[in-house]
Amino acid sequence: MPSSTASAADPARTDAAAALLPRGFGLALGGLLLLWLSAWLAGPALLAVLGLPLDAHGHLKAHAPSVAAPFADMRARWGIPNAFDVLSNLPFALAGLWGLARLRARMLPAATRRAAQVFFLGLLLTAAGSAWYHWAPEAGRLVGDRLGMAVAFAGAWALVVAERVAQSSVRPVLWGVLVLGTVSAAWPQVGGNVLPWAVVQYGGLGFIVWAWCRPRAAGAVGLRIGAVLVAYLLAKLLEIGDFAVFAATGQAVSGHSLKHLAAALAALPVLAAVGRAPLRQNAAGAGAPRTRAGIQDQTMRTDAPTAAASAHANQFALLRQRRFAPFFWTQFAGAANDNLFKFAFTVMVTYQLQVAWLPPSLAGLVIGALFILPFLLFSATAGQLTDKYDKARIMRLVKTLEIAIMALAGWGFVAANVPVLLGCVFLMGLHSTLFGPVKFAYLPQALRPHELTGGNGMVEMGTFVAILLGQVAGGLLVALPGIGHGTVAAACVAVAVVGRLTAQAVPAAPATDPGLTVNWNPVSETWRNLKLAHGNTVVFRSLLGISWMWFFGATFLSQFPSFAKEVLHGDAHVASLLLVVFSVGIGAGSLLCETLSRRHVEIGLVPLGAIGMSVFAIDLYFASRGLPPSAEMGLGAFLAQPAHWRVMADLALLSLFAGLYSVPMYALIQLRSPPTHRARIIAANNILNALFMIASAVIAGALIGAGFSIPQVFLFTGIANALVAGYIFLLVPEYLLRFVAWVASRAVYRFRLRGEARIPAEGPAVLVCNHVSFVDAVLLMAASPRPIRFLMDHRIFRVPVLGWLFRLAKAIPIAPQKEDPAAYERAFDEAAQVLREGDLLGIFPEGGITRDGTLQPFKGGVMKILARAQEDGLAVPVVPMALTNLWGSYFSRIELRGGEPVAMVRPFRRGFWSRVGLNVGEPLPAAAVQPELLRARVSDLLAQP
């Protein structure tokens, strides 16, 4: 009779065997195997049909036409032939050694550990094999290079399977890829067929993308697969552009050398994931028994890593979620295609064709004007359609339209038909006009309020990266001798198809105003949209603020070619470098917003961004005005001069602060706009953006025509930015108030929040807090994602600076009833009005700042406020709060002067960045509130650590 243990084991073995091929996994692997067999059997014939000539190294000859050498950079240094291609393999070795060392100290699931070991060992073998091959490139040595890569690929595939499929599927994938990779690496020397190796590389890449779209599996360690993909794709782009990068950098470095560095970056996400795993117990620890893998791996087969990852999720985690990832890649593909097409067309009519009626000096201006014209004509209609219909449906229709436009443009490129291409520029502008309102109206439906800043930051970053990649790709592809125009045509259509495929995966986003009757008159509807936006003061002035940012950015972007040539004395590659620096800065600032805002819609970052934009725009003037004249420089000579690094730093920082400026404004507009009219308000924003960009071109042209130098135009723009920003912040003091609160909670104090999610996201509420210092209200402002109107002792308004700040915040002064009965009643009237308007009211029921640090009795004003709210038919919740560790700080009354406790005497009595906190309790229904109960709740919150 079988034992119970054996009986229990049988189902487990059955389940484990079944888990080897989860749903969809076997189909994906089977398809790849079939593709590999087809490539092995029919590779040479297929290459001949496609007309893709390969050299002896397995590289497309089109990458290096008329060049006998396999690589661009063949220079010897320090006695090493092909030195840069050889030495750029060192990061592989360092990553491999680092990874193997880190694995020894971390607890990981057995299968994940095995896959990571193979991956890091593969990096070491890749470093050795690639260095050996590049020392003396010849086809026989290429086998050694690819064998090392095959081991690394096997480890990478297996890691992805461990993360997104199942731990039990790792072993067969690991051994299968090792076998196929080894055969594919050696086969070109045996049979002259390189296609099986291409299937291992690119088919494996497709498999990783497929797995990335799946949810995490049990035992996942949080590997950022998207980052691995980005690094690998960047490496392949650099490999394709080997000779182009070498020429673009003034022969400073080749694309192939940079390819090695980019590919080595793919190890960083793996190292980070391993580093997040728990440390192994050492010999002096609890003495946990070891298994064959070296640790008790079964302790890691839970969902704990997944839970930990979600607890610390950031904006990049959105890229693993269907509600965001397909939308992100759809808009990314659209922005990339816009710029690939426009830049390739601009290069074609500027350098390759002679068109009498379109001189090169006007080509960029005409193309830019045609692209922006639809924003003025059709934005209002696009906003209506977005509010009326499902946004996912509109995305799909727009991306289908893009395929048709790009097919027509492809014919235009092949036939070199400039009028057709100009028509396609207008149509692509229409495509972007239709997509614009969808792009920003979709996010508030798909994301939670605390995710809006991170989501907008990702979109802003992705847009600028896509613009950069599109322009680089367009310039490189159109320049390919003989096949450039056809290659651009194919690339434009391919990217459009990719965008349509990703749009298909966007989840439904139902119409917010399905009963809307569309007004097809663009003039009257544009005016109506502007009036609609003007009805919400904060939103409308935020629209103006964003439009000003586009004015500011367009001024710099439009002047980069002339600035590079006339002021920096650089060639076209220097102008491209300025664009790269600017784009990277915008992306970095956009991504920083979520970290700096603690995942709120933190409009306090807007003044910070405005200050940085002005400071570094003005410094750019001083950095560039005195540069001596010189002959035209290539990129290498330009970078060799220290003065130019200050110019690039100014550009990077002013664009970084522009990212900090714009992202919170976009998020605020999305949050504060009525959902039924959100897309139309965003359409109004697009109209204003277009008008401000046109105004930027006109004003910059007028200044230069009046004799201003380009650095002086930058100085004028920086000063104008300071004036405009100051005016906006005085009109909408909420920006300035949030900035002060942001600075206080991060620069003056180290402010820790607990329970901030308990602050109501909408509707009226009364926030009740202890009163410890003169900046209590400022810290509560920093904690709340919504504005708070405070009921405050009238005497605090006499304090210099703080009194002005609280008046700016429209705080409500209250005096004792015996001292000023009229002011007392007026304060409660205003408080009732705050709640009727659905806003937050903050009160300090102790009646004054504590003089000894203890919690004083609560007065009955809160009951009068709730009674007035009840008379208005409102059931207002009351949220208890407690400021902790604030007693003893500079703004508390801890010092004695003449026997009286006073504040603000010794600025650094607790040193820099004093740690304080705010604990937020569960809201209480109005019917349950009593002053004694509230005081007890606040007292309990004070006792929490």
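Whatever comes next refers back to the structure up there.
One structure accompanies this document, and this report is about it. (Residues numbered from 1 in each chain as written. Predicted model: local features only at pLDDT ≥ 70, side-chain atom pairs only at ≥ 80, totals over all residues. Heavy atoms only, no water.)

### What about the nonpolar core?
In plain terms, the rule: Residue types Ala, Val, Leu, Ile, Met, Phe, Trp, Tyr and Cys, when buried and joined through side-chain atoms within 4.5 Å, form a set referred to as a nonpolar core. Only protein chains enter the accessibility calculation, which uses a 1.4 Å probe; a residue is then buried when its area is under 20% of its type maximum, exposed when over 50%, and partly exposed in between.
Counting residues in each nonpolar core, the largest one holds 115 residues, and the members touching the most others are Phe556 and Leu918. Residues Leu108, Tyr442, Val459 and Val506 belong to the second largest nonpolar core, which totals 84 residues.

### A look at the pattern of salt bridges
Note the cut-off: The rule for a salt bridge is simple: a side-chain nitrogen of Lys or Arg has to be within 4 Å of a carboxyl oxygen of Asp or Glu. Note on conventions: DSSP H or I runs of at least 4 residues are helices, E runs of at least 2 residues are strands, and numbering of each starts at the N terminus.
Inspection of the entire model under this criterion finds 14 salt bridges. Across the salt bridge formed by Glu525 and Arg528, the nearest N and O atoms sit 3.3 Å from each other. Of this pair, Glu525 and Arg528 are both found in helix α20 (residues 522-534), three residues apart, which corresponds to roughly one turn of the helix. The class for Glu525 is buried, based on a relative accessible area of 2%. Taking relative accessible area as the criterion, Arg528 reaches 47% and is therefore assigned partly exposed. Here Glu825 makes a salt bridge to Lys864, at a shortest N to O gap of 3.0 Å. Here Glu825 is found in helix α31 (residues 821-836), whereas its partner Lys864 is found in helix α32 (residues 861-871), with 39 residues between them in sequence. Shared partners join several salt bridges into a network, and the residues in it are Lys236, Glu239 and Lys259.

### Re the side chain of His256
Worth spelling out the cut-off: Whenever two N or O atoms come within 3.5 Å, that pair is a polar contact, provided that in protein one can donate a hydrogen and the other can accept it, and provided that, for residues adjacent in sequence, both atoms are side-chain atoms. Throughout, a contact is declared for two residues whenever any of their heavy atoms are within 4.5 Å.
Mapping His256 onto the fold places it in helix α11 (residues 255-265). A distance of 2.9 Å separates the side chain of His256 from the side chain of His134, its partner in a polar contact. Those residues in contact with His256, other than ones at most four positions away along the chain, are Phe71, Asp85, His134, Leu238, Glu239 and Asp242.

### Brief notes about unusual backbone geometry
One non-glycine residue with positive phi stands out, namely Asn82, at about 50°. Looking at Asn82, the relative accessible area reads 8%, which means it is buried. Backbone geometry places His569, a non-glycine residue, at a positive phi of 60°.

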